[in-house]
Amino acid sequence: MFSYNIIFWLAGVAFIAVGFWAWSEKGVLVDLTQVTQLHGFDPVWLVLVVGGVTFILGFAGCVGALRENICLLKFFSGMIGFIFFLELTAAVLTVVFQSQVRDWINEFFLANVKAYRDDIDLQNLIDSLQKMNHCCGAQEPNDWERNVYFSCNGTHRSREKCGVPFSCCITDPADSVVNTQCGYDVRDRPESEWSDHIFTKGCITALEDWLPGNLYKVAIVFIVISLLQMVGIYLARTLISDIEKVKLTN
């Protein structure tokens, strides 16, 4: 039980450390008001939440096993069971309400396209998604019209006007230097020429195309995570039972 939880406790510490390091690099720890100023999704929040939950559960499991504390062990097993229930509920709701989930993901992506330049971590996340999935925007490259820097609106003088981020560009694998200006003025050209320079498929469509062929991978990941959670619950409940038996005999 202790060995099982020490790994998660250390992982939680690592996640929290990375999260605070990222915030310190962005100056958030100096000016905490920046936390509320971001209009899009800050990936650091996800890192900190995952790290915090993992740290608390690992700590409860470790201390509960070492001190044979039944309250901590029940808290640990109960929280693991609750998290598993949430995961299962989310999976079922995603299958049942596919169209609503798709619309929510689409709006979420568009909101973050609008906030692309507001946060470097969000920017890197979107760039990674677009490069890995060979996509651009939520549904199409014109989604970048929502971002003030890439908008074709004539009231601003951004050099990125009527363009797209470099992560939308079709690049030559042999190129060792990334051309961050490859997306400039692309949307000023006829749409028939876009496919020669950038990915024209939206990232939501790319996800929908990827999922059916990789459903077994998603299922394997879900099963592995579920098994780890079940092992944790089993170890905690077994230890609780052993402690209670010892107390009864004494």
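What comes next is a walk through the structure. Predicted, not measured: the structure shown is a model, and the values here were computed from it. (Residues numbered from 1 in each chain as written. Predicted model: local features only at pLDDT ≥ 70, side-chain atom pairs only at ≥ 80, totals over all residues. Heavy atoms only, no water.)

1. Quick word on the state of the cysteines
Formally: In this description, a disulfide is simply a cysteine sulfur pair whose atoms lie within 2.5 Å. The way it works is that DSSP assigns letters per residue, a run of H or I at least four long becomes a helix, a run of E at least two long becomes a strand, and they are numbered from the N terminus. Here the term buried applies to any residue with accessible area under 20% of the maximum for its type, exposed to any over 50%, and partly exposed to those in between, with areas from a 1.4 Å probe on protein chains only.
The full count for this structure, using the stated rule, is 4 disulfides. Each sulfur of the disulfide joining Cys-152 and Cys-162 lies 1.8 Å from the other. Disulfide Cys-152-Cys-162: torsion about the S-S bond near 130 degrees, hence right-handed. Of this pair, Cys-152 sits in the loop between α6 (120–133) and α7 (203–213) while Cys-162 sits in the loop between α6 and α7, and the two are 10 residues apart along the sequence. With relative accessibility at 4%, the residue Cys-162 sits in the buried group.

2. Focus: a nonpolar patch on the surface
Under the convention used in this document: Excluding any residue in a salt bridge, patches collect residues exceeding 30% relative accessible area, merging like charges within 9 Å and nonpolar Val, Leu, Ile, Met, Phe, Trp and Tyr side chains within 5 Å. Throughout, the Shrake-Rupley method with a 1.4 Å probe supplies accessible areas, and for residues the shown protein chains are the sole cover considered. Throughout this description, the term salt bridge denotes a Lys or Arg side-chain nitrogen within 4 Å of a carboxyl oxygen of Asp or Glu.
Nonpolar side chains collect at one region of the surface, where Leu-88, Val-92, Leu-93, Val-95, Val-96, Phe-97, Phe-222, Ile-223 and Leu-227 lie side by side and expose about 800 Å² of accessible area between them. For the nonpolar patch, the secondary structure elements donating two or more residues are α4 (70–96) and α8 (215–249). The element that contributes the greatest number of residues to the nonpolar patch is α4, accounting for 5 residues. Tracing the chain through its elements places Val-92 in helix α4.

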